[in-house]
Amino acid sequence: MNIILLGAPGAGKGTQATRIAEKYRLPHISTGDIFRDNIKRGTEIGLLAKSYTDKGQLVPDEVTCKIVEGRLKEADCADGYLLDGFPRNLFQAEELDKFSKVDAVINIDIDLSLLMDRLCGRRVCKDCGESYHINFLGGKSDCEKCGGELYQRKDDNEETVGNRLKVYGEQTAPLIEYYRKKNVLINIDGVGTIDEVFARIAAALGQAK
Ligand code: AP5
Ligand code: MG
Ligand code: ZN
């Protein structure tokens, strides 16, 4: 099954993606993770992406679409994939339709007012990418899953989060209607514990199969 995870910054896409990918044995493809990895390695794509991600703006469509098109051609995507953070505007959605078929779009629905706190309090594992929130870490600074060191993303500060939420509202939110019209939208209430949200997604995907 080819699945897209849609949702505002901090809605829980990455958190749920890890769990969905494990349960349904799908490769988890996060364009944000791809850009952060390129930035870390200092590649040409990374140098370009950094100037956008640091400001909370979208990396240009040509670059992003090319990366995703190439990635979906890899062997591990032959039986399905889980896209997290792509598409993010109408142009990207229309491009994706040209090179792949989308079976289900999971929209994690959450009130935007909750997201500033979620994002500014987020800590991410350097090694496995798992996300945590400082309120639940009890002062720990390493990953529960793999022992890796936790860090704060450079774009998780008030100013950049503000921009990311604005960009989401203007460019990404219209995709909800785009996919509703195509009859592939699954709306999931994103409020609740991580396990509760995951149970809703698993139940909806069970029916979509
Ligand atoms: P990206 O990495 O995709 O960031 P984002 O969309 O802003 O989303 P996040 O990763 O911040 O949030 P999430 O929904 O994954 O939440 P998470 O699960 O971590 O993109 C970054 C940048 O890359 C963009 O700004 C752009 O510049 C560029 N980019 C990426 N894709 C692009 C594209 N297609 N085109 C152009 N540019 C692109 O959870 C957040 C926090 O909440 C965590 O602390 C977590 O522990 C906590 N949490 C999760 N679930 C719950 C819950 N149920 N209850 C309580 N807390 C929870
Ligand atoms: Mg994420
Ligand atoms: Zn880890």
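Our structure's up above, just so we're on the same page.
The following paragraphs examine the structure supplied in this document. None of the values given here were measured: they were computed from a predicted structure. (Residues numbered from 1 in each chain as written. Chains lettered and ligands numbered in written order. Predicted model: local features only at pLDDT ≥ 70, side-chain atom pairs only at ≥ 80, totals over all residues. Heavy atoms only, no water.)

**Quick notes on the coordination of the zinc ion (ligand 3)**
Moving on, step 1. Bound to the zinc ion (ligand 3) on the protein side are Cys125 (SG), Cys128 (SG), Cys143 (SG) and Cys146 (SG), at distances that span 2.3 to 2.4 Å.
Moving on, step 2. Note that the zinc ion (ligand 3) binds four donor atoms; their angles at the metal cover 99 to 117°, and the shape is tetrahedral.
Moving on, step 3. Summarised as a motif, the one-chain spacing of the donors to the zinc ion (ligand 3) is C-x2-C-x14-C-x2-C.
Moving on, step 4. For cysteine 125, a relative accessible area of 2% puts it in the buried group.
Moving on, step 5. A relative accessible area of 40% means that cysteine 128 is categorised as partly exposed. (Donors = N, O, S within 2.8 Å, 3.2 Å for Na, K, Ca; no water. Tetrahedral: all angles 85-135°; square planar, octahedral: opposite > 155°, others 65-115°. Buried < 20%, exposed > 50% of the residue type's maximum accessible area, 1.4 Å probe, protein only.)

**Examining the sheet that holds strand E7 (residues 150-151)**
Note: strands within a sheet are paired through backbone hydrogen bonds, in either parallel or antiparallel orientation.
Moving on, step 1. Taking strand neighbours across the sheet as the criterion, the three strands line up as E6-E5-E7 in an open arrangement whose pairing is antiparallel. Strands at the two margins of the open sheet, each flanked by one partner only, are strand E6 (131-133) and E7.
Moving on, step 2. The pairing of strand E5 (residues 122-125) with E7 spans two bridges and is antiparallel. Looking at the pairing, valine 124 lines up with tyrosine 151 of E7. (Pairing = 2+ DSSP bridges. Helix = DSSP H or I, 4+ residues; strand = E, 2+ residues; numbered from the N terminus.)

**Section: helix H7 (residues 158-172)**
At 3.6 residues per turn, the α-helix brings residues three or four places apart onto the same side.
Moving on, step 1. Under the 1.5 Å per step criterion, the end-to-end length of H7 is 20 Å for 15 residues, consistent within 8% with the ideal 21 Å.
Moving on, step 2. For H7, every residue scored as buried is listed here: Thr160, Val161, Arg164, Leu165, Val167, Tyr168 and Thr172. An end-on view of H7 places all buried positions within 165° of arc, on one side of the element. Exposed side chains of H7 directed beyond 90 degrees from the buried face belong to Glu158, Glu159, Lys166 and Glu170.
Moving on, step 3. Elements in contact with the buried residues of H7: strand E1 (2-7), helix H3 (44-53), helix H6 (115-120), E5 and helix H8 (174-181). (Expected span 1.5 Å × (residues − 1). Arc of directions from axis to C-beta. Contact = heavy atoms within 4.5 Å.)

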